[in-house]
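The chain contents come next:
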Amino acid sequence: MKKLYFLLSLSLILVSCSIEPSKIEYGKDACNFCKMTIVDKTHAAQIVTKKGKSFKYDAIECMLNDMEDKDKSKLELFLVTDYLNPTTLIDANSATFLISPAIKSPMGANLSAFKNKEDVEKLVKTDVDKSYNWQELKALYQSGSQGK
(Lines give C-alpha, C1' and ligand atoms only; values in the text may rest on other atoms or scores of the structure.)
Protein backbone atom coordinates (compact mmCIF):
# COMPACT_ATOMS: atom_id res chain seq x y z
CA MET A 1 0.00 0.00 0.00
CA LYS A 2 2.86 2.40 0.80
CA LYS A 3 4.29 1.69 -2.62
CA LEU A 4 0.99 2.67 -4.24
CA TYR A 5 0.88 5.99 -2.33
CA PHE A 6 4.48 6.67 -3.30
CA LEU A 7 3.76 6.04 -7.00
CA LEU A 8 0.64 8.21 -6.91
CA SER A 9 2.54 11.03 -5.19
CA LEU A 10 5.39 10.76 -7.66
CA SER A 11 3.02 10.86 -10.65
CA LEU A 12 1.26 13.94 -9.23
CA ILE A 13 4.59 15.70 -8.83
CA LEU A 14 5.62 14.86 -12.39
CA VAL A 15 2.29 16.01 -13.82
CA SER A 16 2.29 19.26 -11.85
CA CYS A 17 5.82 20.11 -13.03
CA SER A 18 5.21 19.61 -16.73
CA ILE A 19 6.88 22.10 -18.95
CA GLU A 20 4.30 23.23 -21.46
CA PRO A 21 2.75 26.50 -22.58
CA SER A 22 -0.30 27.95 -20.91
CA LYS A 23 -3.30 28.79 -23.01
CA ILE A 24 -3.32 32.46 -23.95
CA GLU A 25 -6.65 34.03 -23.08
CA TYR A 26 -6.96 36.67 -25.81
CA GLY A 27 -8.68 39.80 -24.56
CA LYS A 28 -7.96 38.85 -20.91
CA ASP A 29 -4.25 38.07 -20.41
CA ALA A 30 -1.79 40.94 -20.11
CA CYS A 31 1.64 41.09 -21.70
CA ASN A 32 4.35 40.37 -19.16
CA PHE A 33 6.53 43.14 -20.61
CA CYS A 34 4.33 46.07 -21.67
CA LYS A 35 1.20 45.13 -19.67
CA MET A 36 -1.11 45.62 -22.69
CA THR A 37 -3.96 43.16 -23.05
CA ILE A 38 -3.08 40.40 -25.52
CA VAL A 39 -5.59 40.65 -28.37
CA ASP A 40 -3.63 40.08 -31.59
CA LYS A 41 -3.82 36.35 -32.33
CA THR A 42 -1.06 36.48 -34.97
CA HIS A 43 1.80 37.94 -32.92
CA ALA A 44 1.54 36.58 -29.35
CA ALA A 45 4.51 34.80 -27.78
CA GLN A 46 5.35 32.91 -24.61
CA ILE A 47 8.32 31.84 -22.52
CA VAL A 48 8.10 28.81 -20.23
CA THR A 49 10.69 28.31 -17.49
CA LYS A 50 12.30 25.00 -16.54
CA LYS A 51 9.90 24.94 -13.57
CA GLY A 52 6.88 25.36 -15.86
CA LYS A 53 6.06 29.04 -15.19
CA SER A 54 4.68 30.85 -18.26
CA PHE A 55 5.26 34.44 -19.33
CA LYS A 56 2.89 35.66 -22.04
CA TYR A 57 3.49 38.49 -24.50
CA ASP A 58 1.38 40.46 -26.96
CA ALA A 59 4.27 40.65 -29.44
CA ILE A 60 7.53 38.84 -30.18
CA GLU A 61 9.43 42.08 -29.61
CA CYS A 62 8.04 42.26 -26.05
CA MET A 63 9.33 38.75 -25.39
CA LEU A 64 12.76 39.63 -26.77
CA ASN A 65 12.95 42.82 -24.70
CA ASP A 66 11.80 41.00 -21.54
CA MET A 67 14.44 38.30 -22.02
CA GLU A 68 17.11 40.87 -21.16
CA ASP A 69 15.88 40.88 -17.54
CA LYS A 70 15.58 37.11 -17.15
CA ASP A 71 18.11 34.47 -16.13
CA LYS A 72 18.39 32.61 -19.43
CA SER A 73 19.62 29.44 -17.71
CA LYS A 74 16.15 29.09 -16.14
CA LEU A 75 14.22 29.39 -19.42
CA GLU A 76 13.11 26.28 -21.27
CA LEU A 77 10.68 27.12 -24.08
CA PHE A 78 10.50 30.10 -26.40
CA LEU A 79 7.24 30.05 -28.33
CA VAL A 80 5.90 32.36 -31.01
CA THR A 81 2.67 32.43 -32.98
CA ASP A 82 2.84 31.17 -36.55
CA TYR A 83 1.51 34.23 -38.40
CA LEU A 84 -0.32 32.11 -40.98
CA ASN A 85 -1.96 29.95 -38.28
CA PRO A 86 -3.26 32.38 -35.62
CA THR A 87 -3.16 31.13 -32.02
CA THR A 88 -0.78 28.29 -32.99
CA LEU A 89 2.43 28.51 -30.96
CA ILE A 90 5.62 27.13 -32.51
CA ASP A 91 9.16 26.73 -31.20
CA ALA A 92 11.07 29.96 -31.82
CA ASN A 93 14.25 27.94 -32.42
CA SER A 94 12.81 26.48 -35.62
CA ALA A 95 10.76 29.50 -36.75
CA THR A 96 11.69 31.99 -39.44
CA PHE A 97 11.06 35.64 -38.60
CA LEU A 98 10.19 38.51 -40.88
CA ILE A 99 10.51 42.20 -40.21
CA SER A 100 8.38 43.93 -42.83
CA PRO A 101 6.44 47.21 -42.83
CA ALA A 102 3.73 45.32 -44.76
CA ILE A 103 2.83 43.31 -41.62
CA LYS A 104 2.17 45.46 -38.57
CA SER A 105 2.78 43.98 -35.11
CA PRO A 106 1.21 45.27 -31.86
CA MET A 107 4.27 47.16 -30.63
CA GLY A 108 5.37 48.54 -33.99
CA ALA A 109 8.44 46.44 -34.73
CA ASN A 110 6.67 44.82 -37.72
CA LEU A 111 8.01 41.47 -36.52
CA SER A 112 6.21 38.22 -37.34
CA ALA A 113 7.07 34.51 -37.06
CA PHE A 114 6.45 31.73 -39.54
CA LYS A 115 6.69 27.97 -39.26
CA ASN A 116 8.02 27.59 -42.81
CA LYS A 117 10.91 29.54 -44.31
CA GLU A 118 9.25 29.22 -47.73
CA ASP A 119 6.28 31.27 -46.51
CA VAL A 120 8.63 34.11 -45.55
CA GLU A 121 10.44 33.97 -48.89
CA LYS A 122 7.09 34.49 -50.65
CA LEU A 123 6.38 37.60 -48.54
CA VAL A 124 9.73 39.34 -49.00
CA LYS A 125 8.96 42.00 -51.60
CA THR A 126 11.39 44.88 -50.99
CA ASP A 127 14.87 45.55 -49.65
CA VAL A 128 13.42 46.64 -46.30
CA ASP A 129 11.86 43.20 -45.73
CA LYS A 130 14.36 41.14 -43.74
CA SER A 131 14.20 37.53 -42.60
CA TYR A 132 15.99 36.06 -39.59
CA ASN A 133 16.34 32.82 -37.73
CA TRP A 134 15.99 32.83 -33.92
CA GLN A 135 19.71 33.23 -33.20
CA GLU A 136 20.04 36.13 -35.66
CA LEU A 137 16.95 37.83 -34.25
CA LYS A 138 18.18 37.55 -30.65
CA ALA A 139 21.54 38.99 -31.69
CA LEU A 140 19.78 41.88 -33.45
CA TYR A 141 17.84 42.72 -30.28
CA GLN A 142 20.86 42.29 -28.00
CA SER A 143 22.84 44.70 -30.17
CA GLY A 144 20.18 47.34 -29.65
CA SER A 145 19.43 47.64 -33.38
CA GLN A 146 15.74 46.88 -32.75
CA GLY A 147 13.14 47.02 -30.03
CA LYS A 148 12.25 49.12 -27.05
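In what follows, the structure referred to is the one given above.
Residues numbered from 1 in each chain as written. Predicted model: local features only at pLDDT ≥ 70, side-chain atom pairs only at ≥ 80, totals over all residues. Heavy atoms only, no water.

How should I be thinking about the sheet that holds strand β2 (residues 54–57) in this particular structure?
Each strand in a sheet pairs with another by means of backbone hydrogen bonds, the pair being arranged parallel or else antiparallel. In spatial order, the strands read β2-β1-β3-β4; together these four strands make up an open sheet with antiparallel pairing. Both edges of this open sheet fall to β2 and β4 (89–91), since each of them pairs with a single strand only. Put simply, the sheet's adjacent strands are angled 25 degrees from each other on average, direction ignored. When strand β1 (residues 45–49) meets β2, the two strands line up antiparallel, connected through four bridges. Bridge assignment links Val48 to a residue of β2, and that residue is Ser54. Along the sheet face, helix α2 (residues 60–67) touches β1, β2 and β3 (75–81) and points at about 35 degrees away from the line of β1. (Pairing = 2+ DSSP bridges. Helix = DSSP H or I, 4+ residues; strand = E, 2+ residues; numbered from the N terminus. Axes fitted to C-alpha atoms, helices over the stretch in contact; angles between N-to-C directions. Contact = heavy atoms within 4.5 Å.)

Please clarify how the sheet that holds strand β5 (residues 96–99) should be interpreted in this entry.
The three strands lie next to each other as β6-β5-β7, forming an open sheet whose pairing is antiparallel. Looking at which strands have only one partner, the edges of the open sheet turn out to be β6 (111–114) and β7 (130–133). Adjacent strand axes in the sheet meet at a mean angle of 30 degrees when their direction is disregarded. Across four bridges, the pairing between β5 and β7 is antiparallel. Along β7, the bridge assignment pairs Leu98 with Ser131. Strands β5, β6 and β7 of the sheet are contacted by helix α4 (residues 134–142), whose axis makes an angle of about 105 degrees with β7.

Looking at this structure, I do not really get the nonpolar core. What am I missing?
General note: in soluble globular proteins, nonpolar side chains tend to be found buried as a group. Among the nonpolar cores identified, the biggest contains 27 residues, and Ile60, Val80, Phe97, Leu111, Trp134 and Leu137 are the most heavily contacted of them. Residue assignment for this core shows that the elements contributing at least two residues are β1, β2, α2, β3, β5, β6 and α4. At five residues, α2 tops the list of elements feeding residues into this core. Not counting residues up to four positions away in its chain, the partners in contact with Leu137 are Ile60, Leu64, Phe97, Ile99, Leu111 and Tyr132. (Core = buried A, V, L, I, M, F, W, Y, C linked by side-chain atoms within 4.5 Å. Buried < 20%, exposed > 50% of the residue type's maximum accessible area, 1.4 Å probe, protein only.)

Mind showing me how you'd approach the environment of Val120 here?
Tracing the chain through its elements places Val120 in helix α3 (residues 117–123). You can call Val120 buried: its relative accessible area is 1%. When residues no more than four places from it in sequence are discounted, the contact partners of Val120 are Thr96, Phe97, Leu98, Phe114 and Ser131.

Which parts of the structure should I look at to understand empty space enclosed by the protein?
Take a probe with the size of a water molecule and roll it over the atoms, and the empty space left behind shows itself. Within this structure, the stated rule accounts for one cavity of 30 Å³ or more. In this structure, the largest cavity occupies an estimated 60 Å³ of space. When residues of the lining of the largest cavity are traced back to their parent elements, those giving at least two are α2 and α4. Top contributing element to the lining of the largest cavity by residue count: α4, with three residues. Here the residues of the lining of the largest cavity are counted per class, giving three nonpolar, one polar and three charged. (1 Å grid on protein atoms, 1.4 Å probe; cavity = no way out; pocket = protein on both sides within 12 Å on 5 of 7 lines; lining within 4 Å. Points joined across faces, edges and corners; volume = space filled by probe spheres on them. Nonpolar A, V, L, I, M, F, W, Y, C, P; charged D, E, K, R; others polar.)

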